[in-house]
Structures are given as structure tokens and as C-alpha cells.
Number of protein chains: 2
Amino acid sequence: MVRLPLTPAEVERGQRLGALLRRARGCRSVLDVALASHISPETLRKIESGRVATPAFPTIAAIADTLGPSLDAVWTRINQAGRTVEDQSVLPVTRHPSLVS
Amino acid sequence: MVRLPLTPAEVERGQRLGALLRRARGCRSVLDVALASHISPETLRKIESGRVATPAFPTIAAIADTLGPSLDAVWTRINQAGRTVEDQSVLPVTRHPSLVS
DNA sequence: AACTATCCCGGTATAACTATACCGGTATTG
DNA sequence: CAATACCGGTATAGTTATACCGGGATAGTT
């Protein structure tokens, strides 16, 4: 047997990852964060929109380096299926009022 | 253009990642750690041998959860190109230090 | 020694998936 | 209107995750 297709749980976790990173980006532009993370803006947008469920470890690590949150915090939060990402603050201090709807 | 081939630097970082995880596994068997991490032993062996340079984020996170070291420690250490992995202690574990909020 | 049972490793194969690029569309702002 | 930013779809080469095979090394048994 070859690689198994992504399970619905993995897809949903990918969507939580995307939403978390989108929130952590705040008011910065996709292009800015992508260039700082040495990845393409297309890749960042795909991850944020949840269309890439299981991105590469270096890719997520580079984005986390740019945006601030620790990798362990990211991993822990995207595995909390019950809670939504909205009521979880990744950055302890820096909040982005433009996103607080 | 499409996806770029892995650079030599990425390949070497993948080899450091594999060596680090192999050391963290210690005397435990590949099968034991793979089952505990919910991945196939083939995948774990490939990552440890450095033949998979950029594994998926959930894969590495699951292995780190099983073996102990924090993801941030892993990411930091495999980016220190100068030092070998041998003289770096991965354990003891600091469990999610940013989650104390 | 020979046999057995685990490990671990390298090679091969393949479907699933990622990372990247381009295009068109929408919304906002100057 | 023009410029900027974001988003969804499409396309594709590169890469991963998985499985199978065979071999070497090690340790325990008869």
C-alpha cells in the first residue's frame, strides 16, 4: 500500500493551522511575511487558507520564526479540536486590533 | 516555475535532523517509537537516515512528542550547521514553555 | 557451528501531497 | 480609475509516506 489519503481530521487540523498562522500574521502583508520566511507568497497563502493540510516542517518553522509563536505552541493549539482558534492568543503580548472583530 | 529541487544546505539540515532524532530515540526500537508516534517504521527510518530532507510538520511533531525534545529545540539545533549533533543534548525536556499563560 | 529471532539499513516502487507559478475575480483605498 | 491586497482555481515537477525485498549485524538457543 502506498501513502494514505489525508483523513478528515488531518484536513481540519490543517485548517486550524492556517487560521492560527493567519491570525499571527496580523496586519502584515502576505508578501512581507513570505519574503521574511524565505518561502513563496503562494505557499503562505495556501497554508493560511488550509489548502495544504500537512506542510513541511521547515516551512512551518520558518513562518513561526517570522511571526513569533513557538512551534510547540502551534502544535498544541492545532490539536485542540474542540476550541476554535479565534479565542486563542498565540502571541502573548502583541495583539493586532485590526483582526479583533 | 514549479517546485525547486532541494538545495545541498537543505539536504544537510535533513541529515542533522535525522541524526538528532536517532540520538533522541536512544535504545528504543524503531518499531516502538513509530507505533507510538502513529507513523510507519519505514517513514521513521527514512527520516533518521536523512533520506527525507523536509518531512511534514505533523510527522516531526508526533515523533518529538514521543521522544521528548521540544520542536523549537529541534529546529534550533538542526540549523546550527557548525556543531555536530553528537555534542548536543536534546534531553531533558522542556514541555511547552510558552503555554504557561 | 548452525539455527533463530530481532534489529537496522539500502534499494526500489508508487500514489498522495507539497511548493511554486499564473490567471481572474473581489474588495478596499487613494 | 488605479493600485494594492487577498482569494480560488488550475497546472506541474519535486518530494513525502508507505510498502516490499534482501542483506548485515547482533544476541540467544540448541
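The shown structure was predicted, so the numbers you read here are calculated from the model rather than taken from an experiment.

The next thing to look at is the protein's contact with DNA strand D. Not every one of the 25 residues close to DNA strand D is listed here, only the nearest: B:L6, B:S40, B:T43, B:P55 and B:A56. Those elements that provide at least two residues to the surface near DNA strand D are helix 2 (30–37) and helix 3 (41–48) of chain A together with helix 3 (41–48) of chain B. Partitioning the surface near DNA strand D into residue classes produces 13 nonpolar, six polar and six charged.

Near DNA strand C, the surroundings consist of 25 residues, among which A:L6, A:S40, A:T43, A:A56 and B:V30 are the closest. Elements with a minimum of two residues in the surface near DNA strand C: helix 3 of chain A together with helix 2 (30–37) and helix 3 of chain B. For the surface near DNA strand C, the element with the most residues is helix 3 of chain A, which contributes three residues. Along the lines of polarity and charge, the residues of the surface near DNA strand C split into 13 nonpolar, six polar and six charged.

Our next topic: the interface of chain B and chain A. Facing 15 residues of chain B, the contacting portion of chain A comprises 14 residues. Going through the elements one at a time, helix 4 (57–67) and helix 5 (71–78) of chain B are the ones with two or more residues in the side of chain B that touches chain A. With four residues, helix 4 of chain B is the largest single contributor of residues to the side of chain B that touches chain A. Each residue belonging to the side of chain B that touches chain A can be placed in one class, and the counts come to nine nonpolar, five polar and one charged.

The rules behind each value
Residues numbered from 1 in each chain as written. Chains lettered and ligands numbered in written order. Predicted model: local features only at pLDDT ≥ 70, side-chain atom pairs only at ≥ 80, totals over all residues. Near = placed C-beta within 6 Å. Helix = DSSP H or I, 4+ residues; strand = E, 2+ residues; numbered from the N terminus. Nonpolar A, V, L, I, M, F, W, Y, C, P; charged D, E, K, R; others polar. Contact = placed C-beta atoms within 7 Å.

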